[in-house]
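Structural characterization, general
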Amino acid sequence: MCSAPATFTDGFHAEDSCNCMQYSTLGKTGLEVSKISFGAAVFSSIYGEFEAKEAEATLVQALKSGVNYIDTAPWYGQGQSEECLGQILKDVPRSAYYIATKVGRYCTDYKNMFDFSAKRTRESVERSLELLGLEYVDVIQVHDIEFASDVGVVINECLPELENLIKEGKARFIGVTSYSLNHLKECILRAPGKFDVVLFYARYTLMDNSLESYVKFFQNENLGIVCASGHAMGLLTNCGPQAWHPASDEQKQLCRKAAKICEEAGIELGKLAMYHFLQLSGATTFLTGMKTRHALDMNLNAFYCGLNLKEQEVLQLLKDTVFTKSFNWEGVELERYWSAMENLQN
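Residues numbered from 1 in each chain as written. Predicted model: local features only at pLDDT ≥ 70, side-chain atom pairs only at ≥ 80, totals over all residues. Heavy atoms only, no water.

Glancing now at the packing of aromatic side chains. Counting across every chain of the model gives 16 aromatic pairs. With a centroid separation of 6.1 Å and 15° between ring planes, the pair formed by Phe 114 and Phe 116 is classed as stacked. By relative accessible area, Phe 116 is classed as buried at 5%. With centroids separated by 5.5 Å and ring planes inclined at 25°, the aromatic side chains of Phe 200 and Phe 218 adopt a geometry described as stacked. With Phe 200 in strand E8 (residues 197-201) and Phe 218 in helix H6 (residues 215-220), the pair connects residues that are 18 residues apart, well separated along the chain. Overall, Phe 218 belongs to the buried group, its relative accessible area being 0%. Of the aromatic side chains, those joined through ring pairs into one cluster are Tyr 110, Phe 114, Phe 116, Phe 147, Tyr 337 and Trp 338. Positioned over the ring face of Trp 75 is Arg 105, at 4.2 Å from the centre of the ring. (Phe/Tyr/Trp six-rings, centres within 6.5 Å; stacked < 30°, edge-to-face > 60°. Buried < 20%, exposed > 50% of the residue type's maximum accessible area, 1.4 Å probe, protein only. Helix = DSSP H or I, 4+ residues; strand = E, 2+ residues; numbered from the N terminus. Lys NZ or Arg CZ within 6 Å of the ring centre and 35° of its normal.)

The geometry of a pair of packed helices is captured by two quantities: the angle between their axes and the separation between those axes. Look at helix H1 (residues 52-64) against helix H9 (residues 293-304): their axes get within 8 Å of each other, and the N-to-C directions meet at 25°. Our classification of the angle between H1 and H9 gives roughly parallel. Of H9, the residues touching H1 (which contributes Glu 54, Ala 57, Thr 58, Gln 61 and Ala 62) are Arg 293, Leu 296 and Asp 297. Of the residues assigned to the contact of H1 with H9, the class counts are 3 nonpolar, 2 polar and 3 charged. (Axes fitted to C-alpha atoms, helices over the stretch in contact; angles between N-to-C directions. Parallel < 35°, antiparallel > 145°, perpendicular 65-115°, else oblique. Contact = heavy atoms within 4.5 Å. Nonpolar A, V, L, I, M, F, W, Y, C, P; charged D, E, K, R; others polar.)

All right, on to the sheet that holds strand E3 (residues 36-39) then. Strand order in the closed barrel made by the 8 strands is E3-E4-E5-E6-E7-E8-E9-E10, with parallel pairing throughout. Neighbour-to-neighbour, the strand axes of this sheet turn through a mean angle of 30°, independent of strand direction. By the bridge criterion, 4 bridges tie E3 to strand E10 (residues 285-289) in an arrangement that is parallel. Looking at the pairing, Gly 39 lines up with Gly 289 of E10. (Pairing = 2+ DSSP bridges.)

This brings us to helix H4 (residues 151-167). With 17 residues, H4 extends 23 Å from end C-alpha to end C-alpha; this agrees with the ideal 24 Å at 1.5 Å per step. Of all the bends in H4, the largest measures some 30° and sits at Cys 158, one to four residues before the proline Pro 160. Those residues of H4 that sit buried are Val 151, Gly 152, Val 154, Ile 155, Cys 158, Leu 159, Glu 161, Leu 162 and Leu 165. Contacts made by the buried residues of H4 are with strand E5 (98-103), helix H3 (118-132), strand E6 (137-142), strand E7 (171-177) and helix H5 (181-190). Among the residues of H4, the N-terminal cap falls to Asp 150, whose side-chain oxygen and the backbone nitrogen of Gly 152 are separated by 2.8 Å. Phi for Gly 169, located one or two positions after H4, is positive at around 85°. (Expected span 1.5 Å × (residues − 1). Bend = angle between axes of the 7 residues up to and from the residue. Polar contact = N/O pair within 3.5 Å; in protein donor to acceptor, adjacent residues only side chain to side chain.)

By the secondary structure assignment, Phe 50 is in the loop between E3 and H1. Note: C-alpha distance between Phe 50 and Thr 292 (242 residues apart in sequence) is 8.5 Å.

The full count for this structure, using the stated rule, is 19 salt bridges. Taking the shortest distance from any N to any O, the salt bridge between Lys 170 and Glu 168 comes out at 3.6 Å. Measuring nitrogen to oxygen at the nearest pair gives 3.1 Å for the salt bridge that ties Glu 263 to Arg 256. For Arg 256, a relative accessible area of 41% gives the class partly exposed. One network of salt bridges, with partners in common, ties together Arg 122, Glu 126, Glu 161, Glu 168 and Lys 170. (Salt bridge = Lys/Arg side-chain N within 4 Å of Asp/Glu carboxyl O.)

For the rest of this paragraph, the subject is the UniProt feature "domain: NADP-dependent oxidoreductase" (unreviewed entry) in the protein. When the UniProt feature table is mapped to this numbering, "domain: NADP-dependent oxidoreductase" (unreviewed entry) covers residues 35-314. What you have in residues 35-314 is 41% helix and 15% strand, and the ends, taken at the C-alpha atoms, are 25 Å apart. (UniProt positions renumbered as here; feature names shortened; annotations may be inferred.)

Moving on, we get to the nonpolar core. Among the nonpolar cores identified, the biggest contains 126 residues, and Phe 43, Ile 70, Phe 195, Leu 211, Phe 218 and Phe 323 are the most heavily contacted of them. If one sorts the elements of this core by residue count, H4 sits on top with 7 residues. Apart from the residues lying within four places of it in its own chain, the contact partners of Leu 211 are Leu 181, Phe 200, Arg 203, Tyr 204, Phe 218, Cys 227 and Leu 280. (Core = buried A, V, L, I, M, F, W, Y, C linked by side-chain atoms within 4.5 Å.)

This next bit is on the packing of helix H2 (residues 80-89) against H3. Contact pair H2 / H3: the axes reach a minimum separation of 7 Å and the direction vectors enclose 40°. By the angle class used here, H2 and H3 are oblique. For the pair formed by H2 and H3, the contact residues are Glu 82, Glu 83, Leu 85 and Gly 86 on the first element and Ser 128, Leu 131 and Leu 132 on the second.

On to the environment of Glu 82, then. Along the chain, Glu 82 turns up in helix H2. On the basis of relative accessibility, which here comes to 1%, the residue Glu 82 falls in the buried class. Separated by 16 residues in the primary sequence, Glu 82 and Gly 66 have C-alpha atoms spaced 21 Å apart. Excluding anything up to four places from it in sequence, Glu 82 contacts Thr 72, Ala 73, Pro 74, Thr 101, Ser 128, Leu 131 and Leu 132. A distance of 2.7 Å separates a polar atom in the side chain of Glu 82 from a polar atom in the side chain of Thr 101.

Set out below in structure tokens:
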């Protein structure tokens, strides 16, 4: 049994609600965060329709179950996720959770999608606080830095403004996110000691093990490691991904093959993916999107109970016959973005 974290709040949590969850220190922040954390991108149109009352029930149940770290961003529904969270969290004690949001990625149109300037950074944080109904966020992250035309604008404009916002009490710690692990490493090396948290997504999954060779670097930098999207943004589920998913048709077909095997066995691929995801050594917390209590229960069950014998057999089958080599979609979105930007300039 683990002792309750600092976020344990009398009158909100049941006495034993946090005792079974595992907590680890998020790098040098001192925050003791739950092994499973809550990704709120699903509280937006990005992942299809969601029901507001079910979203509220899911988040509150997650928090009462000991999950204490929430992640969101302006990009998720262009403020929809933050607004939804603001409505839910107004009835939750601020002491009961930590929350992270982001700056840098905003609109769906390519021309205005990214802006890492100091001016836009400040405007973004203040807007996020307004939508969330909070005086401060615990972590403010620079979102998807690989899309910056030059990492220098992140280091010389965005980062100093975030430091100013921290001095003003509007945030506590600074993070950085990217799908590209190389871009993350470069940015961290160019701003030694400036970042507290690193977040990457879909880089330790049944289909991609590329993260393993980077974990030691992030640990040596004393960073809190947020490992996100063990379901590879819906790719590793029986339902499959949204139409916008950047994976190739061949990759989608391979994951569909895995889902069909699971369906025929009466098993949810998402549970197997979550279980595999949680086995990574070195990560501080495992961030996953959950818009229903059913999804929450499944993910918590994968953590607390593991897999039954049949699930173990199917997981091994998938590893032996479907996911036999590591693959990802790195570069696809970048190429698409810069191609669109070039067309806009012509």
